[in-house]
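# Residue-level structure breakdown
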Amino acid sequence: MAKKQFKAESKRLLDLMINSIYTHQEIFLRELISNASDAIDKLAYLALTDQNVGLNREDFAIDLRVDKKLGLLTVSDNGIGMSQEEMEQNLGTIAKSGSFQFKKELDKNNASDVDIIGQFGVGFYSAFMVADTVTVLSRKYGETEGHMWQSSGTDGYTVSPCEKTTVGTDVILKLKADTEDEKYSRFLEQFELQNLVKKYSDYIRYPIRMEMEKSRRKETPEGETDDPDKTPEYETYTEVTTLNSMVPVWQKAKKDVTDEEYDSFYRDKFYDYEKPLAHIAVSVEGAVTYKALLYIPAKAPFDFYTKDYKKGLQLYSSGVMIMDRCEDLIPDYFRFVRGVVDTADLSLNISREMLQHNRQLTIISNNLEKKIRAELLDMQKDRRADYEKFFAAFGRQIKFGIASDYGMHKDQLQDLLLFYSAKEKKQITLKEYVDAMPEAQKHIYFAAGETLSRLEQLPQYQRLSDKGFDVLFMTEDVDEFIPRTLMTYAEKDFRNLSTDDLDLSTDEEKKAAEEAAAAWKDGLEFFKTTLDGKIIRAEVSPDLGSHPVCLIPDGGMSFEMEKYFQKVNPEMAMKVEKVLQINPEHPVLKKLRTLITEDPEQAKRYAQILYAQALILADLPIEDASAYTDLICGMMA
Ligand code: ADP
């Protein structure tokens, strides 16, 4: 029979499996059992609505069979099975899900770091880590004929019709011969298999059965009495034994599950190699009765902030999974939460469209949202380091959540925020900021820019910090939308250091500033004409501390926002006009003022240089760098 070739990328993965030096080869069993369980899920689901299937939930099982003489291990299921085309499709091509991500990661890591295998569902091909030849016998539900798929590795596979009396799939592994380092024959030992099932597949909802050899004390034949001096005799017998406990962890009472069990369930189920930061076990009886088990991951998946990431919780109805990612169970701003919801109150043959408007789901989702929020606030209070880890991973999502939908969710989310406090030199909440405000401080001050060190240089910051006022430094591009959306927090309004009136001056100071502005009228005009078109106006500011000048944007939009929109949508981006603020008390400006009448050419050079310095301080590019250096050199020579 002609051999068919694997698709190129599958071949590569297969190669890797065959030559694997990976130490956790045992996970192949978990993978095959998961596939079997998925196949049963599909048929079990069908059976609920289709009388013809003729199987009840209790009839489904996964069987492990061992043939020690021939070195064969079989994983057998009575699930949906595969047609000939499906065998070619599914087993000849690398699958979309777990294995594909695995491959992508491999490409990134140059295939050298084989250790990452364990982080992913590597799927069917993992069988080649332990087997020379893999044979799959399958008959699809609804078909009368079976098919056999067989492969001994990268040189290809064959598919042919075969005898199969029952619906379902047998995966038969011809185990590799033992070597000095590797005892593949251990996968024929019943205790090894039993342990592996317990370790990796305990929550599989169908019985995983195996014929086990056991021993028992021989019964004393009738009529005889026990002779206490005689050593008791034992006999061996075999018995089909269910190896897994089957009860899904979310169905168990909280007190019966350890933290380790919760964590390991998460890692197995969601293919994360990092421990979750928190789990939330929910059991509700009432208007809707359901159980849920939710997790807050420690790290964002690599595709989290892309369109590829699909949010949602797994939805079960009485132990049967009906949807892998039910989006309606979780609001967008908590889309990082993973987990399962199990409710008997949903009709099983409900369509996806109907699910969307399902009242029960809405109740569950509202309730879960509250639980997640409460859990996060607890973490913020009691486990700050973990919370900071959470916020580093998903804070951006929370911020988007506040800014989106016209701020509709701001009340739920504002207390989850963390910003960098210039005074405390660490991340703090808005509440912590407001609680620490000195009596004289009336506003929440913030500054937005690319780096903390830049922000520390802002003249306005120095003025505030001299007064003992804290400033929140915002360095992420979405940050600036937060004060705009919230408007106030605890009845305090937000003031942007580089755009807003900081409200720091006393009445006398204000009056002095007005007088200075009047006295500087001609000087301000001089700046505007000299800097022709670069600034919209010049003004006197009492807030500049030791700095001579500073640039602020005209109108409500900041330079950071201009940059952000420039990045996101260059065509629509608006231009922000610049206002040059000057410090009339600064010696350089005093000098400039006399130069305007005494040496206007020199005064113009001063104005140009001061403008360039203001650009630097505002973290804006100098438009003509070589003209600027020429100017400086001219003055120095
Ligand atoms: P994944 O499980 O990540 O999709 P696998 O490589 O493990 O990838 O499996 C590929 C596909 O082969 C599965 O998605 C499924 O469609 C099919 N398959 C594997 N094992 C079985 C089985 N026991 N019964 C039915 N279909 C199966």
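Residues numbered from 1 in each chain as written. Predicted model: local features only at pLDDT ≥ 70, side-chain atom pairs only at ≥ 80, totals over all residues. Heavy atoms only, no water.

### Describing the side chain of Asp 479
In this fold, Asp 479 is placed in the loop between strand S17 (472-474) and helix H14 (481-486). Filtering out sequence-adjacent residues up to four positions away, Asp 479 remains in contact with Lys 399, Phe 419 and Met 474. (Helix = DSSP H or I, 4+ residues; strand = E, 2+ residues; numbered from the N terminus. Contact = heavy atoms within 4.5 Å.)

### Things to note about the pairing of strand S19 (residues 492-496)
Across 3 bridges, strand S16 (residues 444-448) lies against S19 in parallel orientation. The residue bridging Tyr 445 from the neighbouring strand is Arg 495, located in S19. (Pairing = 2+ DSSP bridges.)

### A closer look at the sheet that holds strand S22 (residues 578-582)
The strand order S20-S22-S21 describes an open sheet built from 3 strands, whose pairing is mixed. The sheet terminates laterally at strand S20 (537-540) and strand S21 (549-553), the two strands that pair on one side only. Strand-to-strand twist in this sheet, taken as the mean axis angle between neighbours without regard to direction, amounts to 30 degrees. By the bridge criterion, 4 bridges tie S20 to S22 in an arrangement that is parallel. Paired with Glu 539 across the two strands is Gln 581, which belongs to S22. (Axes fitted to C-alpha atoms, helices over the stretch in contact; angles between N-to-C directions.)

### A short note on the side chain of Asp 77
Summarising the element assignment, Asp 77 is placed in strand S2 (residues 72-77). With no salt bridge to any partner, buried Asp 77 finds its closest opposite charge in Lys 164, at an N-O distance of 7.3 Å. Here the side chain of Asp 77 touches Gly 79 through a polar contact of 2.8 Å, landing on its backbone nitrogen. (Buried < 20%, exposed > 50% of the residue type's maximum accessible area, 1.4 Å probe, protein only. Lys, Arg positive; Asp, Glu negative; His and termini not counted. Salt bridge = Lys/Arg side-chain N within 4 Å of Asp/Glu carboxyl O. Polar contact = N/O pair within 3.5 Å; in protein donor to acceptor, adjacent residues only side chain to side chain.)

### A closer look at the sheet that holds strand S4 (residues 146-151)
Strand order in the open sheet formed by 8 strands is S5-S4-S3-S6-S2-S1-S7-S8, with mixed pairing between adjacent strands. Only two strands of the sheet have a single neighbouring strand rather than two, namely strand S5 (157-162) and strand S8 (234-242). Geometrically, the sheet is characterised by an average inter-axis angle of 25 degrees between neighbouring strands, direction not taken into account. In terms of strand pairing, strand S3 (residues 131-139) meets S4 through 5 bridges, oriented antiparallel. Paired with Thr 135 across the strands is Gln 150, a residue of S4.

### Points about unusual backbone geometry
For Lys 425, which is not glycine, the phi dihedral falls at a positive 60 degrees. With respect to the element layout, Lys 425 can be found in the loop between strand S14 (419-421) and strand S15 (426-428). The class for Lys 425 is partly exposed, based on a relative accessible area of 49%.

### Looking at the packing of helix H16 (residues 521-530) against helix H19 (residues 600-617)
If you want to describe how two helices pack, look at the angle between their axes and the distance between the axes. Between H16 and H19, the shortest axis-to-axis distance is 10 Å and the interhelical angle comes to 75 degrees. As judged from the angle between their axes, H16 and H19 are roughly perpendicular. Residue-level inspection shows Phe 526, Phe 527 and Thr 530 of H16 in contact with H19, the latter providing Pro 600, Ala 603, Lys 604, Ala 607, Gln 608 and Leu 610. (Parallel < 35°, antiparallel > 145°, perpendicular 65-115°, else oblique.)

### Details of helix H1 (residues 8-18)
Where H1 is concerned, the buried positions are Ser 10, Leu 13, Leu 14, Leu 16 and Met 17. Projected down its long axis, H1 shows its buried positions confined to an angular sector of 160 degrees, all on one face. (Arc of directions from axis to C-beta.)

### Some words on the nonpolar core
In this structure, Phe 334, Phe 336, Leu 376 and Phe 390 are the most contacted members of the largest nonpolar core, which totals 72 residues. Broken down by element, this core gets its largest block of residues, 7 residues, from helix H9 (residues 384-403). (Core = buried A, V, L, I, M, F, W, Y, C linked by side-chain atoms within 4.5 Å.)

### Quick look at empty space enclosed by the protein
Counted under the stated rule, the structure contains 1 cavity of 30 Å³ or more. Size it by volume and the largest cavity reaches roughly 230 Å³. Together, 20 residues line the largest cavity, and Ala 448, Leu 458, Ser 498, Glu 560 and Ala 618 are the ones closest to its centre. Those elements that place two or more of their residues in the lining of the largest cavity are helix H12 (452-456), helix H13 (459-466), S21, helix H17 (559-568) and H19. Its residues assigned to classes, the lining of the largest cavity comprises 10 nonpolar, 5 polar and 5 charged. (1 Å grid on protein atoms, 1.4 Å probe; cavity = no way out; pocket = protein on both sides within 12 Å on 5 of 7 lines; lining within 4 Å. Points joined across faces, edges and corners; volume = space filled by probe spheres on them. Nonpolar A, V, L, I, M, F, W, Y, C, P; charged D, E, K, R; others polar.)

### Things to note about the packing of helix H8 (residues 359-382) against H9
Put simply, H8 and H9 touch, their axes get as near as 6 Å, and they point 125 degrees apart. On the basis of their axis angle, the class for H8 and H9 is oblique. By crossing handedness, the relation of H8 to H9 is classed as left-handed. Across from Leu 376, Met 379, Gln 380 and Asp 382 in H8, the residues of H9 making contact are Arg 384, Asp 386, Tyr 387 and Phe 390. Grouping the amino acids of the contact of H8 with H9 by side-chain chemistry returns 4 nonpolar, 1 polar and 3 charged. (Left-handed = near helix turned anticlockwise from the far one by under 90°.)

### Points about the environment of Tyr 45
Along the chain, Tyr 45 falls in helix H2 (residues 27-49). Counting along the chain gives 277 residues from Tyr 45 to Ile 322, while the straight-line C-alpha distance between them is 7.6 Å.

### Remarks on the environment of Ala 422
As for its placement among the helices and strands, Ala 422 is situated in the loop between S14 and S15. Here Ala 422 falls in the buried class, since its relative accessible area comes to 2%. Distance from Ala 422 to Tyr 461, taken between C-alpha atoms, is 9.1 Å for residues 39 residues apart in sequence.

### Some thoughts on the pairing of S5
Judged by how many residues are buried, S5 sits mostly within the fold: 5 of 6 residues are covered. Pairing geometry for S4 and S5, over 6 bridges, is antiparallel. Bridging from a neighbouring strand, Ser 151 pairs with Tyr 157 of S5.

### Some points on the packing of aromatic side chains
One pass over the full model with this rule turns up 29 aromatic pairs. An angle of 55 degrees between the planes, with centres 5.1 Å apart, marks the rings of Phe 6 and Tyr 157 as tilted. Separated by 151 residues along the polypeptide, Phe 6 in the segment before H1 and Tyr 157 in strand S5 bring together distant segments of the chain. What makes Phe 6 buried here is its relative accessible area of 5%. With a centroid separation of 5.3 Å and 45 degrees between ring planes, the pair formed by Tyr 387 and Phe 390 is classed as tilted. In this pair, Tyr 387 and Phe 390 are both assigned in helix H9, 3 residues apart and thus about one turn of the helix distant. Ring pairs connect the aromatic residues Phe 304, Tyr 305, Tyr 309, Tyr 333, Phe 334, Phe 336, Tyr 387, Phe 390, Phe 391 and Phe 394, which therefore count as one cluster. Just above the ring of Tyr 237 sits the side chain of Arg 216; from NZ or CZ to the centre is 3.9 Å. Directly above the ring of Phe 304 sits Arg 335, whose terminal nitrogen or CZ lies 4.9 Å from the centroid. (Phe/Tyr/Trp six-rings, centres within 6.5 Å; stacked < 30°, edge-to-face > 60°. Lys NZ or Arg CZ within 6 Å of the ring centre and 35° of its normal.)

Purely geometric stuff here, so don't read any function into it on its own.
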